[in-house]
Every structure is written in C-alpha cells, then in structure tokens.
Amino acid sequence: QTNHLISEINRSKEVEDKLIGCASIILSGLCYKNEKNYVSFGSNLLKKISKDVLDTNGFPRSRNIKQLIFYLKYFILVKEWFKESQTDIPEHIEETIYLLGQGYAFTWQNIGSDLLFNGNNNSDNKEFDNYLKRLGYKFKNENFDFGGYAILRNKKISLIMDIGSTPNFKYTKEYQSGALSFEIITNGKKLISNCGYFYNNNSKFNKLSKSTAAQSTLVIDDNSSCKFINVNKLWLVNKGLKIIKKNTIFEKNYWKINCSHDGYLKKYNSIHEREIEFYPEKMKFIGMDKIIKKKINHNYRFDVRFHLEPGVKLMKTQDNKSILIELSDEGWKFTCENFDINIDNGLYFGNKNSYTENQNIFISGISNNQTENIKWEINKI
C-alpha cells in the first residue's frame, strides 16, 4: 500500500491530500525500520510541498488561515512520530513548525477568534491549543502586519484588516475578493464581520461568498475588486489586485490602518483607499473610504458594506442618520452624514457549507467627484 501511495502521490492536485500522504509514508518508514527509503522519500516530498505552498515567512501563499492551521497540525503530528520512534527529526520540519507557529499565534492565539477572510470558517481551535500545551509548544508573534493582514488589539478590542495583494493564480481556489475588508471584535464578540466562505464548489453560494459584496469593504457598481474565471468547476482569480500603499500606527490611545489597492483601476480608473482610526479612550472608530479617480470618467454607483453576525440587532433612528447596533450587552452607533445609510438582508457563511440570514449596514451613493470621501463612524454608547 505504501509503494502504491508513493507511485500515485504526485498525481494528486490537492495539497492537503499530498500532505496526508506524506505523513502516511513517513509513518510506514518509522514503523518498519528496514524501509528507511520511505522516511527519506516522505521527508523530501514534505520539504518540497512546504517550499511550494508557504512564503518566506511560513505563511500560506493562498493567505488562507484554515490551510495554515491544517499544515501546522500535520507537521507537528509528523514531528511527534519522529520523537516517539527515537529518530532524528529533520531540520526542515522543525523550521516549518516554527514559521507556521508564527502565523498561528498571529491569526488565532493572540485574539482567540476565527477571522473570516480568504476561505476561513468558524472552527474553534481551543482543543488544538490544549494539545499544543500538553506537548510543550509555545508560539509568539507580536507583529502588527503579517501574512497580508493587519491586527491591532488590546484586552478589549481587536481591529483586523485584509491588507494583502491577490495571491498567484494557482493559489486562489479559496481566495475571497475582500481587499481592505475588516472585522472588529469587542470583548470576544464580533461587532463587524465578513460573511465567511461556502466550500461546496458546485453551489452558487461558493461564487457568491467570493464576491466583494460579501466582505465588509467598498464595492463599485456591483463589481468585485477581482475578476474570477471558472477552471474545472473552480472559481480562480483571473485578474487580481495589488496593494499600492499601507501604513499602520499602534499607540496606547490611537490606532490607525491606512491602505489602498488598484482592483478598480483598469475598469473604473479608480483607486480605493481606506483608513480606519480607533480612539480607545473614547471607544470610537472613524473610517474614511476614498475613491480616487486617475482619469475623469462617468459617474458610477458605490456601496460600502458592514456585515454583522446572525443575531446582532439593528435599528435605524428616526432622523435616518444613525443605525443602532445591539450586540449582546453592548450598544454601538453607526453614523455617516454625507451619504445614505440603510440596513439590508444578506447571507452568512461563517459555519462550513451552511448559510444563515444576517444583516448588513450599507452606505450608498454616486461618485461624481475626482476624489470621493466617504466618512463613517462607529461609537460605543
């Protein structure tokens, strides 16, 4: 069976299947000491896979958090098998675990919540955390910018934004066109969320969950910031985007993330720039979405969406200038003075291959200026 697996493993197109196959080959070699070539073959292939799917910082090139955790689990499993068999652990396995651990600390352990970006779902990794603790694994990452994400946090609030460019074509199977989308976590609860990802490739919800409208960011004329094409029933990014600039400030009483991308440049001659400031003492977020036109073009419609998890209650005030957000025992107020704000129904894909109705706040308007400044605020009340 192991010989058959060795002859067939390179035909597999799924990285996850290859990783499981490598682990099986290595386990066979460790169990049958006279079959040392199994260990060598599995280890070398494992090294090749990690070079292919991970960047120089050990973060998946797909920018998929779920994949990062999957890789980390299997590399640790293989390492523990080497230890149990009293066999020297290959250096590349130790190094890859260290690098993957950096990403795991950044995207999960530092905040203790699943982030719904680029193919991730709600998973709850607390059991895995306990497993790591029992085996003595400790990971640490104090960066604010890592793997194409910015995360600013204190004990009560976390602000997370997607500030990464689109991955290479072959790594976009589960990529979602949510550049500059963000999430806010307050006391362990999501105040602002993305919609999550629907994995079933044969479902219309798969493509829907990849759209920019399903993320908490700006949409121009109902078009996503990336263009997808269907390749063997997979929606891959044909035309991606690049991050033009990014800047992060993190001080005790002032946070700021500023970033822009060129996803709307070719079709609309426009750059989307987003800046989010947070004042911890006032518990106030101030956002500014800018549409910067490089050339004069026809006026077009835009929407800025802010998705919420199912169960979060919204109510529009009588003056139509504010929307109240009831999040468990917390109250927040959303305002935007210069443009219309409304409440819309949507779908939430946070739990794998299922959907639930949710709501979103959206700002809408017509862009008719060279630079359109869309200012909004979220205040705790």
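One can find the structure itself at the top, above this paragraph.
Residues numbered from 1 in each chain as written. Predicted model: local features only at pLDDT ≥ 70, side-chain atom pairs only at ≥ 80, totals over all residues. Heavy atoms only, no water.

Colleague: If you had to explain the pattern of salt bridges to someone new, which residues and values would you point to?
Modeller: Counted by the stated rule, this structure contains 18 salt bridges. One salt bridge in this structure joins Glu142 and Lys140, with 3.4 Å as the shortest N-O distance. A residue is classified by how much of its surface remains accessible, and Lys140, at 58% relative accessible area, is exposed. Two residues, Glu330 and Lys189, come together in a salt bridge whose shortest N-O distance is 4.0 Å. Here Glu330 is found in strand E16 (residues 330–335), whereas its partner Lys189 is found in strand E5 (residues 189–192), with 141 residues between them in sequence. With relative accessibility at 8%, the residue Glu330 sits in the buried group. (Salt bridge = Lys/Arg side-chain N within 4 Å of Asp/Glu carboxyl O. Buried < 20%, exposed > 50% of the residue type's maximum accessible area, 1.4 Å probe, protein only. Helix = DSSP H or I, 4+ residues; strand = E, 2+ residues; numbered from the N terminus.)

Colleague: Summarise the sheet that holds strand E1 (residues 145–146); cite the residues concerned and give the values.
Modeller: Pairing in this open sheet of five strands is antiparallel, and the strands run E1-E2-E3-E4-E5 from one edge to the other. Of all strands in the sheet, those with a lone pairing partner are E1 and E5, marking the two edges. Sheet analysis places E1 next to strand E2 (residues 149–153), joined by two bridges and oriented antiparallel. Opposite Asp145, over in E2, you have Ala150 as the bridge partner. (Pairing = 2+ DSSP bridges.)

Colleague: Explain the layout of surface pockets to me, using residue names and the numbers behind them.
Modeller: Taken as a whole, the largest pocket spans an internal volume of roughly 730 Å³. Taken together, 30 residues line the largest pocket, and the ones lying closest to its centre are Lys13, Glu14, Val15, Lys170 and Tyr171. If you list the elements that add at least two residues to the lining of the largest pocket, you get helix H2 (15–31), helix H3 (36–53), helix H4 (65–84) and strand E8 (234–239). Broken down by element, the residue count for the lining of the largest pocket peaks at five residues, all from H3. Across the lining of the largest pocket, the residue classes tally to 12 nonpolar, eight polar and 10 charged. There is about 420 Å³ of room inside the second largest pocket. Surrounding the second largest pocket, 19 residues form its lining, Ser224, Ser225, Cys226, Lys227 and Gly263 being those nearest its centre. (1 Å grid on protein atoms, 1.4 Å probe; cavity = no way out; pocket = protein on both sides within 12 Å on 5 of 7 lines; lining within 4 Å. Points joined across faces, edges and corners; volume = space filled by probe spheres on them. Nonpolar A, V, L, I, M, F, W, Y, C, P; charged D, E, K, R; others polar.)

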